[in-house]
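Fold and geometry: a report
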Amino acid sequence: MYIIKLNAIDSTNTYLKDLATVSLPKDYTVVVADLQTNGKGQMGAKWSSEEGKSLTVSVFKRLLDFKVTDQFYISMAVALAITNALNCFKIPQLHIKWPNDILSSNNKICGILIENVIKTNKLQGSIIGFGLNVNQKFFENLPQASSMSLLTGVVYSKDEVLLEVLKQLKIYFKILESQKFEEIKLAYEDLLFRKDKPSTFVNSKNERFSGIIKGVSETGLLQVWMEDNVVEFFDLKEIKLLY
Ligand code: BTN
């Protein structure tokens with residue numbers, strides 16, 4: 001394992017992406033930054049965290065013979081690995097909010113951004129970026145954000161937390177490599193936030209509707225049981241769960 005520690009960088013994901021254009025980084029090349037000046041979130045959002053307080057990390061995972069159509073399994077495996085790591089630190093009431101936010105009760109403590117390196121229709125590797133709120137106590141304009149420390153009162157060693165996440169990532173990639181896809185999907189659905197509970201959503205036209213989350217499809221669509229008893233599948237651009 002190679003750990004590159006940086007004081008500051010625009011984005012650890014971009015750093016690994018740039019490396020990957022020159023030659024494919026070694027398996028489990030890890031980039032950690034104390035500060036990201038242009039951290040990236042999902043769907044073009046920004047990710048910012050207070051310097052030195054949280055973990056902003058990207059891991060390069062090489063992939064062999066992994067089908068492009070199976071890429072949501074990587075996302076599920078990573079979310080499960082981080083949730084398991086947080087369990088080891090006794091963080092309460094952990095859930096995964098589709099597709100891969102990690103929540104403790106209603107509060108987001110970790111965001112994940114996975115960018116896959118695809119060449120000639122084959123997955124060559126995955127850049128697994130995660131922002132884990134460890135010891136940060138203040139979140140500007142983010143009322144739903146929390147941190148491990150806010151939740152438990154403990155000040156954590158970021159290195160210890162990182163090593164546990166890396167350990168769990170290795171465990172979950174072994175499960176993926178042994179093709180136990182169904183096991184991953186069942187474990188993910190088991191932890192899905194608001195599963196089997198009546199919830200309110202908003203669609204891309206800003207219209208509200210009610211439904212019940214039942215699971216996910218193999219390609220990562222959210223499966224919702226609608227009020228008219230029809231089950232529909234949505235992608236990230238089509239639906240937002242309101243708290
Ligand atoms: C999200 O919830 O929107 C995903 C956030 C992902 C943030 C992490 S921090 C480390 C890595 N580098 C980035 O630029 N983004 C990811």
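Residues numbered from 1 in each chain as written. Predicted model: local features only at pLDDT ≥ 70, side-chain atom pairs only at ≥ 80, totals over all residues. Heavy atoms only, no water.

On to the overall build of the chain. In terms of helices and strands, the chain carries five helices and 12 strands. Reported as C-alpha extents along the three principal axes, the dimensions of the chain are approximately 50 × 45 × 35 Å. Counting every position in the chain, which comprises 243 residues, the buried fraction comes to 49%. Once local pairs closer than 6 in sequence are excluded, the contacts in the chain between residues at least 24 apart make up 62%. For the chain, the accessible area works out to roughly 12,400 Å², and carbon and sulfur atoms hold 51% of it. (Helix = DSSP H or I, 4+ residues; strand = E, 2+ residues; numbered from the N terminus. Buried < 20%, exposed > 50% of the residue type's maximum accessible area, 1.4 Å probe, protein only. Contact = heavy atoms within 4.5 Å. Areas by Shrake-Rupley, 256 points an atom, 1.4 Å probe, with all protein chains shown as cover.)

Applying the stated criterion across every chain, the model contains 12 salt bridges. Taking the shortest distance from any N to any O, the salt bridge between Glu177 and Lys61 comes out at 3.5 Å. With a gap of 116 residues between them, Glu177 in helix H4 (residues 158–177) and Lys61 in strand E3 (residues 55–66) connect regions that are remote in the sequence. Between Asp235 and Lys237 there is a salt bridge whose closest N-O contact spans 3.9 Å. When its relative accessible area of 63% is taken as the criterion, Lys237 is described as exposed. Each of Lys17, Lys40 and Glu115 takes part in salt bridges that share partners, so that together they form one network. (Salt bridge = Lys/Arg side-chain N within 4 Å of Asp/Glu carboxyl O.)

Backbone-to-backbone hydrogen bonds join strands into a sheet, with any given pair of strands oriented parallel or antiparallel. Read across the sheet, five strands follow the order E11-E10-E9-E8-E12 without closing on themselves; strand pairing throughout is antiparallel. Looking along the sheet, the strands with just one partner apiece sit at the ends: strand E11 (231–234) and strand E12 (239–241). Strand-to-strand twist of the sheet, defined as the mean angle between neighbouring strand axes without regard to direction, takes the value 50 degrees. One ladder, built from five bridges, connects strand E8 (residues 198–203) with strand E9 (residues 208–216); its direction is antiparallel. Paired with Pro198 across the strands is Ile212, a residue of E9. (Pairing = 2+ DSSP bridges. Axes fitted to C-alpha atoms, helices over the stretch in contact; angles between N-to-C directions.)

On to the nonpolar core, then. Within the largest apolar cluster, 62 residues are counted, with the highest numbers of intra-cluster contacts made by Phe130 and Leu132. When residues in this core are grouped by element, the largest group, 12 residues, is from helix H2 (residues 71–88). Mapped onto the domain boundaries, this core takes at least three residues apiece from domain 1 (2–190) and domain 2 (198–242). Discounting chain neighbours no more than four positions away, the residues touching Leu132 are Ser54, Leu55, Leu86, Ile109, Cys110, Met148, Val161 and Val165. Counting residues in each nonpolar core, the second largest holds nine residues, with Leu6, Leu16, Ala20 and Phe60 among its members. (Core = buried A, V, L, I, M, F, W, Y, C linked by side-chain atoms within 4.5 Å. Domains from an automatic or database assignment.)

This brings us to the site of the ligand. Around the ligand sit 20 residues, and of these Ser11, Gln36, Lys40, Gln42 and Lys108 come closest. Ser11 places a polar side-chain atom, nitrogen or oxygen, 2.7 Å from an oxygen atom of the ligand. Between the ligand and the protein, one listed contact pairs an oxygen atom with a backbone N or O atom of Gln42 at 2.7 Å. Within the complex, the protein chains bury 97% of what would otherwise be the 420 Å² of accessible surface of the ligand. Here the ligand is seated within the largest pocket. Those elements giving two or more residues to the shell around the ligand turn out to be helix H1 (12–22), E3, strand E6 (107–119) and strand E7 (122–132). Among the elements that make up the shell around the ligand, the one with the highest residue count is E6 (four residues). Of the residues assigned to the shell around the ligand, the class counts are five nonpolar, 12 polar and three charged. (Near = heavy atom within 4 Å. Polar contact = N/O pair within 3.5 Å; in protein donor to acceptor, adjacent residues only side chain to side chain. 1 Å grid on protein atoms, 1.4 Å probe; cavity = no way out; pocket = protein on both sides within 12 Å on 5 of 7 lines; lining within 4 Å. Sits in = over half its atoms within 2 Å of the grid points. Nonpolar A, V, L, I, M, F, W, Y, C, P; charged D, E, K, R; others polar.)

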